Each structure stands twice: as structure tokens, then as C-alpha cells.
Amino acid sequence: FEDLLQMSKSSDAGLKESALHLLSSFLYRWYCRRTLSAPDSTSETGPSSPTGRNNRLHTEKALALMEKSVRENVLVEDFARKLGLSDEHFIRIFRSEVHMTPHQYFIRLKIEGASGMLISTDRTIGEISDWFGFENQFHFSRVFRKCTGLSPAEYRRTYLQTVDFT
């Protein structure tokens, strides 16, 4: 949070935008985890109803599948098929539980992993792009900038921490 605060106070518009995206990502993840674990018995299709429980279970299974498949180029249709649901129904229940489409969530998951690799390894951007199953480095860079507000190279320069022991 301290880093987010420093970035938000920066005069650099790119850093401010990046701070906004990182905070939004954190809030989505925090809210989604709470939404999936907190029962809501007041709604007809809440987690206490059979339909709500099934929706929650399908969503939890989808989240687990996405985390396991983060390095692959998997389509939403593939997740739906693995869960035994139609594409449209899967997208509808996922969106109702997580408040974003499965595709949006899966891409964010990939970008979160890639951002960690950018600042913790010396792998090239192309290698990281390949590692997370993007079709090419240019597509990866475009998606990365859309999610974080910075290009992968800018992100690396901004957040890479070097230690000087002298």
C-alpha cells in the first residue's frame, strides 16, 4: 500500500494510472474472495439456494482451473466445457459471482503473474510473453499496458528493486 501511495502522489501520469490499476485489481480480488465466501441468504439465487450454491461451486472450480492454466492459451469455451456448461451460461454465472467476464479475469491473472516475473527475474519480455501463453510479445505488451497503464519495460524500470550492499 505504501508503494501505491507513493505512485499515486507522483507527478508522472503513468505512475498514477498504474497505481489506480493496481488498486483496482487488489479490490476486485479482495471483493471477489469475500463475495464467494460470504453467504447471502436474502436473495433467491444467493449461495444458500440450490442455484446459488451451484453457481458458486462452478465459479470456484473455474477460478481453480484458471489458476492452474495461467500459462496456457485457454479459451472461455474450454473452461465452460470442462465444467459441463454452455458458454453463455458459464459467462453469465461467472460474471454474476465475480463481476467481470471469465476472459477479463483470466487475462488479469496472466498479467498479475507477468508483472511479478518482470520485477523478480531477468527474463526478457518475449520470454515472459511466451511463458504466459500470449500469441506474441506485441499482443502481450498491448494487453499489459491496458491493465497496468505501463508497458512491460516501463513497469520493470519502475518497480525493479536493486539492492546495493556497498
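In what follows, the structure referred to is the one given above.
In what follows, the accompanying structure is described. (Residues numbered from 1 in each chain as written. Predicted model: local features only at pLDDT ≥ 70, side-chain atom pairs only at ≥ 80, totals over all residues. Heavy atoms only, no water.)

1. Considering the overall build of the protein chain
- Helix and strand counts for the protein chain come out as nine helices and zero strands.
- Each helix (α) and strand (β) of the protein chain, taken in turn from the N terminus, gives the series α-α-α-α-α-α-α-α-α.
- Long-range pairs, those at least 24 residues apart, make up 55% of the contacts in the protein chain between residues at least 6 apart in sequence. (Helix = DSSP H or I, 4+ residues; strand = E, 2+ residues; numbered from the N terminus. Contact = heavy atoms within 4.5 Å.)

2. What about the packing of helix 4 (residues 76-83) against helix 5 (residues 87-98)?
- Where helix 4 meets helix 5, the closest approach of the two axes is 9 Å, and the angle between their N-to-C directions is 95 degrees. Considered as vectors, helix 4 and helix 5 are oriented roughly perpendicular to each other. Contacts between helix 4 and helix 5 involve V76, E77, F79, A80 and L83 from the first element and D87, F90 and I91 from the second.
- Among the residues forming the contact of helix 4 with helix 5, the class breakdown is six nonpolar, no polar and two charged. (Axes fitted to C-alpha atoms, helices over the stretch in contact; angles between N-to-C directions. Parallel < 35°, antiparallel > 145°, perpendicular 65-115°, else oblique. Nonpolar A, V, L, I, M, F, W, Y, C, P; charged D, E, K, R; others polar.)

3. Some words on the packing of aromatic side chains
- Summed over all chains, the structure comprises seven aromatic pairs.
- Their ring planes at 65 degrees and their centres at 5.9 Å tell us that F94 and Y105 sit as a pair that is edge-to-face. Residue F94 is found in helix 5, and its partner Y105 is found in helix 6 (residues 102-120); the two are separated by eleven residues along the sequence. Here the two residues F94 and Y105 agree in accessibility, since each one is buried.
- Across from the ring centre of W131, 3.4 Å away, lies the NZ or CZ of R71, which sits over that ring.
- Across from the ring centre of F134, 5.7 Å away, lies the NZ or CZ of K110, which sits over that ring. (Phe/Tyr/Trp six-rings, centres within 6.5 Å; stacked < 30°, edge-to-face > 60°. Buried < 20%, exposed > 50% of the residue type's maximum accessible area, 1.4 Å probe, protein only. Lys NZ or Arg CZ within 6 Å of the ring centre and 35° of its normal.)

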